[in-house]
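Below, each chain spelled out in residue letters.
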Amino acid sequence: MSSPQRKRAKSEPADVQKVADKTSKPLKVPEEKMPTKKKAKGTAPRRKSSTKASTIEEERTGTQKNVYTYWLMKSEPESRLENGVDMKFGIEDLKGQPNQTACWDGVRNYQARNFMKDMKIGQEAFFYHSNCKEPGIAGIMKIVKEAYVDHTQFAKKDAHYDPTSQQENPKWFMVDVQFVRMTKRFISLAELKRYYQEQAATGGPLKNIALFTRSRLSVQPLTKEEYEFILSLEDVKT
DNA sequence: GCCAACGTTGGC
DNA sequence: GCCAACGTTGGC
């Protein structure tokens, strides 16, 4: 599982996080077994992803340092129970939080986590509605706190409790996000897919977009070009 | 380190 | 509700 959970209001957990920050012994954080993305069976060879240079390793893992400065984060706007907990957290829910801010907890996928660790204060992210009637981009938020320990991994009653994670060496992290605005119109997955398919064939800013090339990731990076192209769709009449 | 079995994501 | 895609686990 890995879909972000019920995000929490920004005030409640403030205490839990000292745990990992300053442990006395610098225990070697095993930069975790990043699931080395071995070439998926039967998939077309990954092509080079943009004008920016990338290392072999970056290319292999599909990550590039310092290239992505925009993000897309998925959350479910409709009720669905997981371990008895309602997963619903749409953009309206974010808007309704104190300070319109929430922590993006519940991410349980290493790639998604690592992207969150790369996030910097002030960077913008699309709020994407997933697993719902109309999947797509509903709004824009920004990073207001960089990665810190996701306390829900230690909470037995949490939908995303991780019994394998230890206090001294937490596996999972989250960021805080703040609502910025709704997009001028809802930009559906179906619409984005049409652009993607066209541009994958003939070229264009969305030709490698993670939303389709790595569709199951719940936290995805966007290049500036991808982000700006999608933003330009706001003014396209449909 | 390989890979089959299993589990999850998330569109349809 | 189905199921393709793909991440994770564990036996060997």
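Please read these numbers as outputs of a predicted model, since none were measured by experiment.

Looking now at the overall build of chain A. Helix and strand content of chain A: seven helices and nine strands. By residue count, 48% of the 238 residues in chain A fall in the buried class. Put simply, 73% of the contacts in chain A that link residues at least 6 apart link residues at least 24 apart. Of the roughly 12600 Å² of accessible surface on chain A, 53% is carried by carbon and sulfur atoms.

So, about helix 4 (residues 110-118). Where burial is concerned, most of helix 4 is hidden: seven out of the nine residues are buried. When helix 4 is considered as a whole, its buried residues turn out to be Tyr110, Gln111, Ala112, Arg113, Asn114, Phe115 and Met116.

In this section: the nonpolar core. Ranked by internal contacts, the top residues of the largest apolar core, which has 23 residues, are Met73, Trp104 and Val219. Elements with a minimum of two residues in this core: strand 2 (70-75), helix 3 (91-95), helix 4, strand 6 (124-129), strand 7 (136-149) and strand 8 (173-188). Not counting residues up to four positions away in its chain, the partners in contact with Val219 are Leu72, Met73, Trp104, Val107, Ala112, Phe115, Met116 and Met119. Counting 18 residues, the second largest nonpolar core, distinct from the first, contains Ile140, Ile187, Tyr196 and Leu206.

So, on to the packing of aromatic side chains. For any pair of aromatic rings, the description rests on two quantities: the centre-to-centre distance and the angle between the ring planes. Across all of its chains, the model carries eight aromatic pairs by this definition. Measuring from ring centre to ring centre gives 4.1 Å for Tyr70 and Tyr227, while their planes differ by 20°; the resulting arrangement is stacked. With a gap of 157 residues between them, Tyr70 in strand 2 and Tyr227 in helix 7 (residues 224-232) connect regions that are remote in the sequence. Note on accessibility: Tyr70 and Tyr227 belong to one class, buried. Each ring, one from Phe89 and one from Phe127, has its centre 6.4 Å from the other, and the planes form 25°; the classification is stacked. One end of the pair, Phe89, is in the loop between strand 4 (85-86) and helix 3; the other, Phe127, is in strand 6, with 38 residues separating them in the sequence.

The next subject is the UniProt feature "domain: EVE" (unreviewed entry) in chain A. According to UniProt, the positions carrying the feature "domain: EVE" (unreviewed entry) are residues 69-232. For residues 69-232, the end-to-end C-alpha separation is 17 Å, with 25% helix and 32% strand making up the annotated structure.

Evaluation of the coordinates by the stated rule reveals eight salt bridges. Residue Lys184 pairs with Asp235 through a salt bridge whose shortest N-O separation is 2.9 Å. Pair noted here: Lys184 is in strand 8 and Asp235 is in the segment after helix 7, with a separation of 51 residues, a long-range link. For Asp235, a relative accessible area of 47% gives the class partly exposed. Between Arg185 and Glu191 there is a salt bridge, with the nearest N and O atoms lying 2.8 Å from each other. The same class applies to Arg185 and to Glu191, which are both buried. When salt bridges that share partners are traced, they join Glu76, Arg80 and Glu82 into one network.

Rules used in this analysis
- Residues numbered from 1 in each chain as written.
- Chains lettered and ligands numbered in written order.
- Predicted model: local features only at pLDDT ≥ 70, side-chain atom pairs only at ≥ 80, totals over all residues.
- Heavy atoms only, no water.
- Helix = DSSP H or I, 4+ residues; strand = E, 2+ residues; numbered from the N terminus.
- Buried < 20%, exposed > 50% of the residue type's maximum accessible area, 1.4 Å probe, protein only.
- Contact = heavy atoms within 4.5 Å.
- Areas by Shrake-Rupley, 256 points an atom, 1.4 Å probe, with all protein chains shown as cover.
- Core = buried A, V, L, I, M, F, W, Y, C linked by side-chain atoms within 4.5 Å.
- Phe/Tyr/Trp six-rings, centres within 6.5 Å; stacked < 30°, edge-to-face > 60°.
- UniProt positions renumbered as here; feature names shortened; annotations may be inferred.
- Salt bridge = Lys/Arg side-chain N within 4 Å of Asp/Glu carboxyl O.

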